[in-house]
Amino acid sequence: MTRPRPALTGWAFLAPYAIAVALLVAVPALLNVGYAFTDHTGLTRDPQFVGLANVRRMLDDRFLLDSLQASLFHVSLAVPVRFVAAVGLGLLLAAPRPGGRWFRTAVYLPTVIPDVALAVLFLWVLNPLYGPLNQLLGLFGHAGYNWLADPTTARIGVVLMLAFPIGEGFVVVLAARRLLDGRLYEAAALEGCGPFGQLRRLTLPLLAPVLVLLAVRDIILTLQVNFVPAYVLTDGRPANATLYLPVYIFDQVFEFSGFAYGSLVTILLMLITAVIITGLLLLVRRWRVLR
Amino acid sequence: MKGVIRLAALTRSYGTTTAVDGVDLEVRAGELITLVGPSGSGKSTILRLIAGLDRPDSGRILVDDVDVARMPAHRRAVAMVFQDYALFPHLTVLGNLTFGLRVRKVRRAEADQRARIAAQRLGIGDLLDRYPDQMSGGQRQRVALARALLRDPSVYLLDEPLASLDAPLRFATRADLLALHRELRTTTIHVTHDQHEAMTLGDRVVVLAAGQIRQVGPPQQVYDAPADTFVAGFLGSPPMNLVPGGGVLGGDATLTLGVRPEDLTLDDAGRIAATVEAVEALGSEAILLTRCPDGTRLTVRTGPRPGVGPGDEVRLRADRLHRFDAATGRRR
Amino acid sequence: MTGGEPIHRFGAACVVRRLWTGGGAVVGRWLGRYVVPALFAALFVAPLWFMLVGSLRPTGAPPPRTLELWPAEPTTAAYTRLPELVPLLRYLANSALVVALAVPVTVLVASLTGFGLRLLSGAARRRALLGLLVVLLVPVTAVWATRFEVFRLAGAVDTYLPLLAPAALAVSPFLVLLYAWSFGGVPDSQLQAARLEGAGWLTIWRRLALPQVKPATLAVAVLAFTFHWSNFIDPLLYLTSGDRYTWPLGLRFLLLLNPTDWPLLMAGSVIATAPCVLVFLFAQRILLADDPLAALRSKGRR
Ligand SMILES: Nc1ncnc2c1ncn2[C@@H]1O[C@H](COP(=O)(O)OP(=O)(O)O)[C@@H](O)[C@H]1O
Ligand SMILES: [Mg+2]
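Along each chain, numbering runs from 1 in the same order as the chain's sequence is written. Both sets of labels track the order of writing: A upward for chains, 1 upward for ligands. Note on the predicted model: pLDDT of at least 70 is required for a residue's local features to be given, and 80 or more for side-chain atom pairs to be given and counted; whole-chain, interface and lining totals, by contrast, use all residues. Values reported for side chains reflect all heavy atoms of the structure, with hydrogen atoms and water molecules removed beforehand.

## Digging into the packing of helix α5 (residues 115–125) of chain A against helix α13 (residues 247–257) of chain C
Argument step 1. At a minimum axis distance of 9 Å, the contact between α5(A) and α13(C) shows a crossing angle of 25 degrees. The orientation of α5(A) relative to α13(C) falls into the category roughly parallel. For the pair formed by α5(A) and α13(C), the contact residues are A:V116, A:A117, A:V120 and A:L123 on the first element and C:P248, C:L251, C:R252 and C:L255 on the second.
Argument step 2. For this classification, Asp, Glu, Lys and Arg are treated as charged, while Ala, Val, Leu, Ile, Met, Phe, Trp, Tyr, Cys and Pro are nonpolar and the rest, including Gly, are polar. Partitioning the contact of α5(A) with α13(C) into residue classes produces seven nonpolar, no polar and one charged. Convention adopted: a line fitted to C-alpha atoms gives each axis, helices being fitted over their contacting stretch, and angles between N-to-C directions are expressed from 0 to 180 degrees. The way it works is that DSSP assigns letters per residue, a run of H or I at least four long becomes a helix, a run of E at least two long becomes a strand, and they are numbered from the N terminus. Angle categories: roughly parallel below 35 degrees, roughly antiparallel above 145, roughly perpendicular from 65 to 115, and oblique for all the rest. Residue contacts are counted whenever heavy atoms from the two residues lie within 4.5 Å of one another.

Structure, rendered in structure tokens:
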């Protein structure tokens, strides 16, 4: 007997997207694995299989070690900063109030700055002589830093820049907060629960699944995608301090004709991402937030 | 005359729930028939199956002796009024009424003309430029009806069309629906979970429970001779008193005896002794909640001001007993 | 879920805090509702402000050594000098062309996919959502090199075709979810009523579902615009001839040419940013409303 149609129709509407995902994501992702074991340079058409040669090269690649270090430092600082900013501001600004939309708009605006413009802007903001940041520090009697010249401050400068475009997470928190039942808060207030008690005992536990998803998404963004402004801002300098893995991959694949090696590093990057996310999920599983 | 519907062994399950379970039913041409049952008993599913919005797992649907199993919904010459009316909120009343005509490529001028006539007929001719959220519940219901009229179908399917109206409006609209049906004489299947509607609207009533038909017949006949204990308990308010084993009503252990509240009378010569526990005065009548010495509770309908109060000892007389099989619940 | 804790347990822990905050409640409320948000708002607008102020300085003159909130002699000299140094109008026209192609494709794919999700029910929808979540977690870096290889072998390098790849993926699953959620406000009975009237699924999508989620379409179009207008990495990888560059590439080009001409660079950044800000100001009404979920669905008539 014929089954109802709607299900089939639903899948049919998903087809264009599914085809795009297959062609533009799945196939390239699989090709990555294949190319990682060849000598492909990205310039020719006949890659040869070279077995584990690329893996051996990876094992004593000092640049890769620098790159790993830079990436891990970056993630462990940028993710918490961005997460706290997005969640904190989302919860602070969620409640309706006159002009509330304009506060939210202000927080979102840096997110719409194009990546290159953001990098160019921060080249200026972090300029040691004339940059607004050092001048702001000057108002408090601090001499300021030579931000992009020193490895540590350069890394911090990149994190500082990436602390501004947090709009996506911010909007998700705003929406998720609106979905919580107002009566819960009335009940808690009747018990004499103040704003901090409500935050700790109601809001955060109820939002936990959304927050975990946000954190996971941000780890991926930070490790792999947000590299564009960093690439324009510092391009790996100084002393490989900001040679984040994507920057290294980009250099290998598109600058140094190391296509196959870049593919292998890509796989490494995926593995690292997976490990960090698995660790995070294991950690939160103990808190039983994901049902 | 067109509009004969025959359902044969119609079955539809969703996962583990069988929403419609082997339903056999014949609806005559021009008849107004009411499907009644508690919510979740499969009434809407039957309508959707007839309309072609859903497919049966097994069984057949014949409209004018044509098997419509493979016919798409819009070719089936049925019109449906949904419980929430399903008006398109982004279109005006006129847009709602002409939506189907325009989809079927009727010219705009003609579509508008036909929509106007249908709207006039239902008394919403001056609302054509309103949006659904600018109208009252009753007006929206009329738009939904007008949209169904425009289909000029051989069968109307009305899914709880009165359920979201408030009480006085429901009363008035019920009469309008009846008048409309009398005028059109088109086969109509009307679904409700309200037993008042089931009793007053429709030539015949079909009582459903858990996807199965329990009884079919003219409303009064079903009321007077319910086919089983479920129908007995479902139709009538307050429901029939059912006493397993007969108890105070007399009888034997293989029977369940039933008596309607209005068939119990306060009578000093009555055989049944009971204590009044509460009196619900409803204005035009009163309901006595009583308890017999063996614990059986009996509900009694009396005229207003029965002259007894809680704690009073009374005697009751039972007329018109209904006898059901204690094991199967079927009428005997 | 974790909601098992009885409500009265709140009491013990909260009463103390209540007493403590009771007195300054009004001041505290005012601080929390306006003062602190205003400070954060100022912090987040500050970079944009410095960008604008920086672009209005006279070129050549050494920048001041103190914090300057408004230039002493604001001038638009940097803006007039820009087209003399780089083919500004050509780059902007290229950007506009890319956006004009990519935004409609993005909206189309996102709305079709979102509608498909809306039509699925129960287990099928959960499976599709899970797939979408997996896509959400796949980073572009993972497919950079090999996607480039695919386009190279297809001979599409140095055309605008690869720039439409993100559009075919609806830019981000986030936009698909936005549509799926908005379409969720259209009840089944409306779809069925339209089916009964003989409307096909594409007609239902176009004439029934889309008109009811116009705010969502606006929001998606705006987010798509900001993405494609800003897109740097794809043009960087795929565009090789200078006369096909989009403005973000032009800005980088400008940076390489004049790494210290700050008014000029800031003017270039303002030109890159302004369209996104303007367009976003249309969408903030929806995305950042007090109740964004309701605003997305608000029936969209008129
Ligand atoms: N599309 C569906 N998916 C899953 N279960 C359904 C669906 N439609 C109806 N059901 C189930 O079938 C049963 C009958 O539903 P319905 O016909 O709507 O009942 P009624 O209209 O009498 O209230 C219910 O248990 C309901 O949960
Ligand atoms: Mg129903």
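Okay, back to it.
## Considering the pattern of salt bridges
Argument step 1. Each salt bridge in this description consists of a side-chain nitrogen of Lys or Arg and a carboxyl oxygen of Asp or Glu lying within 4 Å of one another. In the structure shown here, the tally under the stated rule is 32 salt bridges over all chains.
Argument step 2. For C:D290, the salt bridge goes to A:R104, with nearest N and O atoms at 2.9 Å. Note that C:D290 is positioned in the loop between α14 (262–287) and α15 (292–297) and A:R104 in helix α4 (residues 100–108), a pairing that runs across two chains.
Argument step 3. Here C:R244 makes a salt bridge to C:D158, at a shortest N to O gap of 3.5 Å. Linking C:R244 in the loop between α12 (233–238) and α13 with C:D158 in the loop between α6 (144–153) and α7 (165–168), this pair joins segments that are 86 residues apart in sequence.
Argument step 4. Residue C:D158 is classed as buried on the basis of its relative accessible area of 14%. Note on classification: 1.4 Å probe, protein chains only; a residue is buried when its accessible area is under 20% of the maximum for its type, exposed when over 50%, partly exposed between these limits.

## Here's the deal with the domain arrangement of chain B
The parts lose accessible area when they come together, and the size of an interface is often stated as this lost area.
Residues and elements named next belong to chain B.
Argument step 1. Domain delimitation in this document rests on an assignment produced automatically or drawn from a domain database. Taken domain by domain, chain B comprises domain 1 (5–230) and domain 2 (249–325).
Argument step 2. The centre of domain 1, based on its C-alpha atoms, is set 39 Å off from the matching centre of domain 2.
Argument step 3. In total, domain 1 and domain 2 occlude about 500 Å² of area from one another, counting both sides; carbon and sulfur atoms represent 54% of this.
Argument step 4. The three residues of domain 1 that bury the most area against domain 2 are Y223, P226 and T229, which together make up 75% of that side's buried surface.
Argument step 5. For the pair domain 1 and domain 2, the number of links is one salt bridge.
Argument step 6. One salt bridge in this structure joins R320 and D224, with 3.8 Å as the shortest N-O distance.
Argument step 7. Polar contacts, as counted here, are pairs of nitrogen or oxygen atoms within 3.5 Å of one another; within protein the pair requires one atom able to donate a hydrogen and one able to accept it, and residues that are adjacent in sequence qualify only if both atoms are side-chain atoms. Seen at the junction of domain 1 and domain 2, the total is two residue pairs in polar contact (both at pLDDT 80 or more).
Argument step 8. Looking at the side of domain 1 that touches domain 2 residue by residue, the class counts come to three nonpolar, one polar and two charged. Defined here as a combined quantity, buried area equals the accessible surface (1.4 Å probe) lost by two parts on assembly, summed across both.

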